[in-house]
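Now for the letters of each chain:
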Amino acid sequence: MSASALLDVRGVTKRFGGLLANDDVSFTVSEGEIVSIIGPNGAGKSTLFNCISGFYRPNAGTVRYRGRDITRLAADRICKLGIARTFQIVQVITDMTVLENVMTGAFLRTARNGAARERAEEVLRFAGLHEKLDAAATSLTIEDKKRLEVSMALATKPSLLMLDESMAGLNPVELRQMIALLRRVRESGVTLVIVEHVMEAVMELSDRVIVINSGRKIVEGPPKDVVVNPQVIQAYLGDRYHARG
Amino acid sequence: MRTLTKRQVAVAAAVLVLLALYPLAVRGSFPMHLMIMVFLFAMLGVSWNIMGGYAGMFSFGQAAFFGIGAYTSSFLLTAHQVNPWIGLLAGGVVAAVAAALIGIPCSNLRGHYFAIASIAFAEIVRIHFNNWKLIGAAEGLTIPMQDESLKNFMFHSSKAPYYYIMLGFLLLSLGVCSWVATSRMGFYLRAIKEGHDVAKVLGIDVVRYRMAAIMISAFLTAMAGTFYAQYILYLDPESVLILPISVQIVLVSMLGGAGSVMGPVIGAAILLPISEVTRVKLGFKGSGLDMIIYGTLIMLISVYQPQGVWGYLRTIGAKKK
C-alpha cells in the first residue's frame, strides 16, 4: 500500500442480491506496470472493473486514484481524471467512421475539431488503423474493432487503461499484433490493468497477476509463480487436481 | 471533414434564390400557404432531429413545446400587450425550462420508454391547457388585430412576409442544427445514441448533453409555435397541442432521414404537400382516403427506405464516386 500507487483498491465488496460478486478485494497498481486479473468465468473480474471505473457502486471498500477517493464518482468523471476502459463485448459507435469514433474520445481534451482530428489520427497511426480512417466502424473485423476500441480509449489521454478481454477471439497472428500494441501502449507511459483469459498474453505482458475466484482475491504474484500455485490450479480445474509439489 | 464542395454551395445558393423568388411567381394564397407549412414543419423536424435523430431521444411530444411557444407569446400579447417578438423569445425560454424539468426525471430513459414518457408529458400539457381558465381553456386565445407591420408580427395584405419570416426561421434552425452536428456536441450526441455506457466511457456527461439537446430542440420548436399563432391568429389546445402534430414532426424527420441536417427539410418538402393536397382534395369526402394514401406512403418508406430519402440520395451519391 505504498503512497505512490496509481490505483489503490481496498476492500471492495459488491453484492447483487444474495450473490457476492466481489468480496473484500484489495490490490494496488503502480505507475508503468501491467497487471493482469485472471480467474474462472463468473469469478467477478468484470464486476471489479465496473466498480473501479464507476459503472457500479461497491457496497463497501474504496477505490483511490493518485491518492484521491473515486469510489462514488460517475464513470465520465473517472474517465476525465485519466482512467479509460474497454468492454468485454466490443463497444464502438456503429453509425460513425473509424476516425469519428476516435475523435469522439479525443474531444474529452479539446473542444476544437481540428485538434480532435489530429489527436485521433495520431492515435490511429499508433494503433495501426490509420489506413481505415474512413471505413465505417461496423465494417471492421473483430480484431480491428478491438483496436478501434483501444484507440478510442487512448484518445481520451488516460494514465491508466483497463482492458476487458481484448485478446478474446483473436487468431494467433492477431494475438501477436495485439500483444505488440499493448507493449507500445505501456512504452508510451500508460499503465495497464487487463482482464484476460488468454494465458499466452498474460504470461508475456504481465508484471504481476492477480487471481480472483468466487469474488475473492486468492493469489497475487509474478506470472510464472501464479500459474504453478496449487490454489490457482484448484480454482480452474477443481478439487481433484493438484499441482505436483 | 464536412466542408461543402463547390457544387453543393452552388446548389444551395440556387435553391435559396428560387425560394426567394417563389412569392413573386405564384398567384393565390394556397401555394404560399403550402410553402409556409413546408417551412414550418421542416423547422419542427430539424428541431426534433437534434434530440431524436442525433441523440436518439425519440420524442413524440414535440407538440407540447410547440404549444407552449404559441401560448406563451399569445397570452403575453392578449393579456399584457407584450410584443410578439419578445413573446417569441419568452416562449422559447419557457419551453426550454419545461424541457429541463421534464428532462431531469427522464434522463435515464431510452428508446421506447423515452417515447412513452414524451407522449405522457405532451398529453398532460394538453389536458392542463384545456382546463386552464387563465389562458382561455378549451376556447383558446384569439390574437387581437393590429396594424400590419414587421414589428407587430402581423400582415393582412399578403402572405409573403410570413413566407419570408418562416424561411428565415428555418434557415436559423438549420444553422443551429449544423453547428450542433459538426461540433463536439454532435459527436457526443451520436455517442449517446449508440449507448450510455459507450458514451460514459469516453468521458461524456450523458445527462448534461441530453439536457442541452432537449432544451435547444424545445426552444426552436417553441419559436415555430409562436410563428404559427401569429400566422393563424387563433389557437386552442386542439390546434397546437395534439398528438398528430407530434407524430407529423417525427414522420417528417424519419421520412427525410433522421440524423442528417437536411433530412427533415426533404421530408417536409415531400410529406406536407401530400398531406395538405390529399386533405384539400379528398378530405371533404369523409372517407379518410387522404389518410389512407398518406399512411400507405409512410409504410412503403419505412419498409424500403428506413434510412430516409436523404440517406437514399447519399448512398446514390457515394456509389457515383
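My aim in this report is to walk through the structure given alongside it, one point at a time. All values derive from a computational prediction rather than experimental measurement.

Turning our attention to the overall build of chain A. Counting its secondary structure elements, chain A contains 9 helices and 10 strands. Against the globule reference of 18 Å for 245 residues, chain A gives a C-alpha radius of gyration of 18 Å, in line with a compact fold. Its C-alpha atoms put chain A at 55 × 40 × 35 Å along the principal axes. Relative to its 245 residues, chain A shows a buried fraction of 43%. In chain A, the proportion of contacts linking residues at least 24 apart, taken out of those at least 6 apart, comes to 63%.

Right, let's get into the sheet that holds strand β5 (residues 68–69) of chain A. Residues and elements named next belong to chain A. Within the open sheet, the 4 strands sit side by side as β2-β1-β4-β5. Their pairing is antiparallel. The open sheet is flanked by β2 (19–29) and β5, the only strands paired with a single partner. With 7 bridges joining them, strand β1 (residues 7–16) and β2 adopt antiparallel strand pairing. Counterpart to L7 in the pairing with β2 is V29.

Moving on, we get to the interface of chain B and chain A. Taken together, the contact between chain B and chain A spans 17 residues of the former and 20 residues of the latter. Elements that contribute at least two residues to the side of chain B that touches chain A include exactly α7 (184–194) and α8 (196–200) of chain B. In terms of residue count, α7 of chain B provides more of the side of chain B that touches chain A than any other element does, 6 residues in total. Tallied by class, the residues present in the side of chain B that touches chain A amount to 9 nonpolar, 2 polar and 6 charged.

Residue and element names in this part refer to chain B. Interhelical geometry of helix α11 (residues 243–256) versus helix α12 (residues 263–282) gives an angle of 110° and a closest axis separation of 6 Å. Here α11 lies roughly perpendicular to α12, going by the angle between them. Mapping the contact onto sequence places L251, V252, S253, L255 and G256 in α11 and G263, P264, V265, I266, G267, A268, I270 and L271 in α12. For the contact of α11 with α12, a count of residues per class yields 9 nonpolar, 4 polar and no charged.

Right, let's get into the sheet that holds strand β10 (residues 216–221) of chain A. Paired through backbone hydrogen bonds, the strands of a sheet run either parallel or antiparallel to each other. All names here are of chain A. Strand order in the open sheet formed by 6 strands is β6-β7-β8-β3-β9-β10, and the pairing between neighbours is mixed. Sheet topology places β6 (83–85) and β10 at the edges, where each strand pairs with a single neighbour. Shown here is a sheet whose adjacent strand axes are inclined to one another by a mean of 20°, direction ignored. By the bridge criterion, 4 bridges tie strand β3 (residues 34–38) to strand β8 (residues 191–195) in an arrangement that is parallel. Each residue of the ladder has a partner; that of I34, found in β8, is L192. On top of the sheet, helix α1 (residues 45–53) reaches β3, β6, β7 (160–164), β8 and β9 (208–213); it is set at about 150° to β7, its chief contact.

To continue, consider α7 of chain B. A large share of α7 of chain B lies buried, amounting to 11 of its 11 residues. Every buried residue of α7 of chain B is listed here: R184, M185, G186, F187, Y188, L189, R190, A191, I192, K193 and E194 of chain B. Among the structural elements, α3 (98–106) of chain A together with α2 (29–54), α6 (160–182), α8 and α9 (206–232) of chain B are those in contact with the buried residues of α7 of chain B.

Turning our attention to the pairing of β10 of chain A. All names here are of chain A. Direction of pairing for β9 relative to β10: antiparallel, over a ladder of 5 bridges. Bridged to V211 within β10 is V219. Here β9 folds back onto β10 in antiparallel fashion, the turn holding 2 residues, of which S214 has a positive phi close to 50°.

Residue and element names in this part refer to chain A. The residue L81 is located in helix α2 (residues 75–81) in this model. Considering only alpha carbons, one finds L81 and K157, 76 residues apart in sequence, at a separation of 9.6 Å. For L81, the residues in contact, after removing those within four places along its chain, are Y65 and I70.

Residue and element names in this part refer to chain A. Assignment of secondary structure puts K217 in strand β10. Sequence separation of K217 and P158 is 59 residues, and the distance between their C-alpha atoms is 26 Å. Not counting the four nearest positions on each side in its chain, K217 is found in contact with V25, S26, F27, I210 and I212.

Bringing the pairing of β8 of chain A into the picture now. Residue and element names in this part refer to chain A. Where burial is concerned, most of β8 is hidden: 5 out of the 5 residues are buried. By the alternation rule, side chains of β8 split into T191, V193 and V195 and L192 and I194, which are all buried. In the sheet, β7 pairs with β8 via 5 bridges, with the strands oriented parallel. From the neighbouring strand, D164 faces β8, where its bridge partner is V195. On the question of chirality, the crossover connecting β7 to the parallel β8 by way of helix α6 (residues 172–187) is right-handed.

Reading the values: the criteria
Residues numbered from 1 in each chain as written. Chains lettered and ligands numbered in written order. Predicted model: local features only at pLDDT ≥ 70, side-chain atom pairs only at ≥ 80, totals over all residues. Helix = DSSP H or I, 4+ residues; strand = E, 2+ residues; numbered from the N terminus. Rg over C-alpha atoms; globule rule 2.2 N^0.38 Å. Buried ≥ 20, exposed ≤ 12 C-beta atoms within 10 Å, placed from the backbone. Contact = placed C-beta atoms within 7 Å. Pairing = 2+ DSSP bridges. Nonpolar A, V, L, I, M, F, W, Y, C, P; charged D, E, K, R; others polar. Axes fitted to C-alpha atoms, helices over the stretch in contact; angles between N-to-C directions. Parallel < 35°, antiparallel > 145°, perpendicular 65-115°, else oblique. Right-handed = clockwise from strand over helix to strand, strands pointing away.

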